[in-house]
Amino acid sequence: MVSPKDFVGRDVLSILDFNREELDYIMDVADEVERNMDAYRGLLSGKTMAILFFEPSTRTRLSFEAAMKKLGGLTLDMGEPTRASIEKGETLTDTIRVVQNYADLIVLRHPKEGAAKLAAEVADIPVINGGSGAEEHPTQAMLDLYTIRRCKKRIDGLRIGILGDLKYGRTTHSLAYALSNYDVKLYLVSPELLRMRREVLRHISGRIEVQELESIDQVLPELDVLYVTRIQKERFVDESEYLKVKGSYRVTIDTLSKMKKDAIIMHPLPRVDEIAIEVDSTPNAVYFKQVYYGLLTRMSIISLVLGALSGK
Ligand code: NCD
């Protein structure tokens, strides 16, 4: 049996650090947060979260900040790295050693893979990985799972397609790992150049049924969930490689017409052009609801890690 005590003081570096029971528990707490918002309002009063983002972000940064504030805690945001001492040559580890004196929890986003792990090795307080290069984005996967559970009422038994940049898209890596805890069939759909990272594929294909495809068309009628991602232009080493795949897939009303009536379309956002705007107003589009579920999920994970629920 999972208990809130199991989460206290833990880092959230990779989704692989959490088993199915723990993921289910985090989602149960997210349900509870929504049902009982008033009881959670002052839960983290006196606690501080440091937000260190070395890469652009709208949702993740604001969502962590909103989650912390709704729980009555404070946030300290380093702001643009160009304004911080990093510009003077300060190392990440020195920044972490300094910041941990001001906070109870660090949320870090960094362009380098392994950055969150390094930060956690140095820090005496928990570190949450808010995105580490092209590697992982574990809290996004938690909120993606939660969105599926909320919209489809279950995760087991579903057929799920992940479409887009499976090579550089960190959310797709964390989500694929997370889904491999459940009884799902996963279709990984991408241009050849952007196929799923081999290490992720190796891990998940030992656990669930996985099929790699270059086109979504033939599986559309089967899907319960279609998770779409943008091409991660900024991570391409070579611009000409990017141009080869740019605009190679797009979800439109025509795509929806080939899918089950109650299939859902998800996206971690930001969207560029891979989902037509016309899809937004259909009941299938849940990517803006996903943002709300993200807030509940982050309120859950922060409360658990900071031990605010373990007295219950
Ligand atoms: C994603 C990210 O930063 O990896 N955004 C997010 O956190 N919701 C997806 C992306 O940038 O494409």
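All figures in this text were calculated on a predicted structure; none of them were measured in a lab.

Enquirer: Kindly report on the layout of surface pockets, identifying the contributing residues and their values.
Expert: Space inside the largest pocket adds up to approximately 380 Å³. Taken together, 21 residues make up the lining of the largest pocket; nearest its centre are R109, R170, R230, L269 and P270. Of all the secondary-structure elements, those providing two or more residues to the lining of the largest pocket are α3 (59–70) and α7 (170–179). Per-class residue counts for the lining of the largest pocket are four nonpolar, 10 polar and seven charged. Two domains each provide a minimum of three residues to the lining of the largest pocket, namely domain 1 (4–133 + 294–305) and domain 2 (138–291). Each pocket or cavity is described by its volume, and for the second largest pocket that value is around 200 Å³. If you go around the second largest pocket, you meet 17 residues; those closest to its centre are I216, D217, S248, Y249 and R250.

Enquirer: A description of empty space enclosed by the protein should follow, citing residues and the corresponding values.
Expert: As enumerated under the stated definition, the model contains one cavity of 30 Å³ or more in all. The volume enclosed by the largest cavity comes to roughly 90 Å³. Residue lining of the largest cavity: R59, S63, Q140, L143, H267, P268, L269, Y287, Q290, V291, G294 and R298, and that is the complete set. For the lining of the largest cavity, the secondary-structure elements that each account for two or more residues are α3, α6 (138–152) and α11 (287–305). The residue makeup of the lining of the largest cavity, split by class, is five nonpolar, five polar and two charged. Three or more residues apiece are contributed to the lining of the largest cavity by two domains, here domain 1 (4–133 + 294–305) and domain 2 (138–291).

Enquirer: Before we move on, can you summarise the pattern of salt bridges with the specific residues and values?
Expert: Under the counting rule described, the total for this entry stands at 28 salt bridges. With its nearest N and O atoms 2.8 Å apart, the salt bridge here joins D38 to R41. Note on D38: relative accessible area 59%, which makes it exposed. Residue R41 is classed as partly exposed on the basis of its relative accessible area of 46%. The salt bridge involving E121 is made with K117; its shortest N-O contact spans 3.4 Å. With E121 and K117 both in helix α5 (residues 115–122) and four residues apart, the pair spans about one turn of that helix. What you see here is one network of salt bridges that share partners, running through D28, D31, E34, R149 and R150.

Enquirer: Describe the packing of helix α1 (residues 20–35) against α11, listing the residues and the values that go with them.
Expert: Their axes nearest at 8 Å, the elements α1 and α11 cross at an angle of 110 degrees. The orientation of α1 relative to α11 falls into the category roughly perpendicular. Pair α1 / α11 crosses with right-handed handedness. Here Y25, I26, V29, A30, V33 and E34 of α1 lie close against α11, whose contacting residues are Y292, L296, T297, M299, S300, I301 and L304. A per-class count over the contact of α1 with α11 returns 10 nonpolar, two polar and one charged.

Enquirer: Can you break down α5 residue by residue, with the values?
Expert: Within α5, burial applies to A115, A116, A119, A120 and V122. The arc that holds the buried residues of α5, viewed along the axis, is 160 degrees, so those residues lie on one side. Exposed residues lying more than 90 degrees from the buried face of α5 are K117 and E121. Along its buried surface, α5 packs onto α4 (92–99), β3 (105–110) and β4 (127–132).

Enquirer: Tell me what's going on with the nonpolar core, and back it up with residues and numbers.
Expert: Ranked by internal contacts, the top residues of the largest apolar core, which has 62 residues, are L179, L186 and I302. Per-element accounting of this core gives the leading share, eight residues, to α11. Each of domain 1 (4–133 + 294–305) and domain 2 (138–291) accounts for three or more of the residues forming this core. Excluding its chain neighbours within four sequence positions, the residues that come into contact with L186 are I160, I162, A176, L179, I204, I208, E209, V210 and Q211. Judged by nonpolar contacts, the second largest core, of 29 residues, contains Y168, L213, L223 and I275.

Enquirer: Which residues make up the site of the ligand, and what are the values?
Expert: Taken together, R59, T60, R109, H137, Q140, R170, T171, R230, Q232, P268, L269 and P270 make up the full set of residues adjacent to the ligand. Between an oxygen atom of the ligand and a side-chain N or O atom of H137, the distance comes to 2.8 Å. Note that a nitrogen atom of the ligand is positioned 3.0 Å from one of the backbone N or O atoms of L269. Summarising the interface, the protein chains cover 94% of the accessible area of the ligand, which totals 320 Å² for the free molecule. Put simply, the parts of the chain that give the shell around the ligand at least two residues each are α3 and α7. Each of domain 1 (4–133 + 294–305) and domain 2 (138–291) contributes no fewer than three residues to the shell around the ligand.

Rules of the game
Residues numbered from 1 in each chain as written. Predicted model: local features only at pLDDT ≥ 70, side-chain atom pairs only at ≥ 80, totals over all residues. Heavy atoms only, no water. 1 Å grid on protein atoms, 1.4 Å probe; cavity = no way out; pocket = protein on both sides within 12 Å on 5 of 7 lines; lining within 4 Å. Points joined across faces, edges and corners; volume = space filled by probe spheres on them. Helix = DSSP H or I, 4+ residues; strand = E, 2+ residues; numbered from the N terminus. Nonpolar A, V, L, I, M, F, W, Y, C, P; charged D, E, K, R; others polar. Domains from an automatic or database assignment. Salt bridge = Lys/Arg side-chain N within 4 Å of Asp/Glu carboxyl O. Buried < 20%, exposed > 50% of the residue type's maximum accessible area, 1.4 Å probe, protein only. Axes fitted to C-alpha atoms, helices over the stretch in contact; angles between N-to-C directions. Parallel < 35°, antiparallel > 145°, perpendicular 65-115°, else oblique. Left-handed = near helix turned anticlockwise from the far one by under 90°. Contact = heavy atoms within 4.5 Å. Arc of directions from axis to C-beta. Core = buried A, V, L, I, M, F, W, Y, C linked by side-chain atoms within 4.5 Å. Near = heavy atom within 4 Å. Polar contact = N/O pair within 3.5 Å; in protein donor to acceptor, adjacent residues only side chain to side chain. Areas by Shrake-Rupley, 256 points an atom, 1.4 Å probe, with all protein chains shown as cover.

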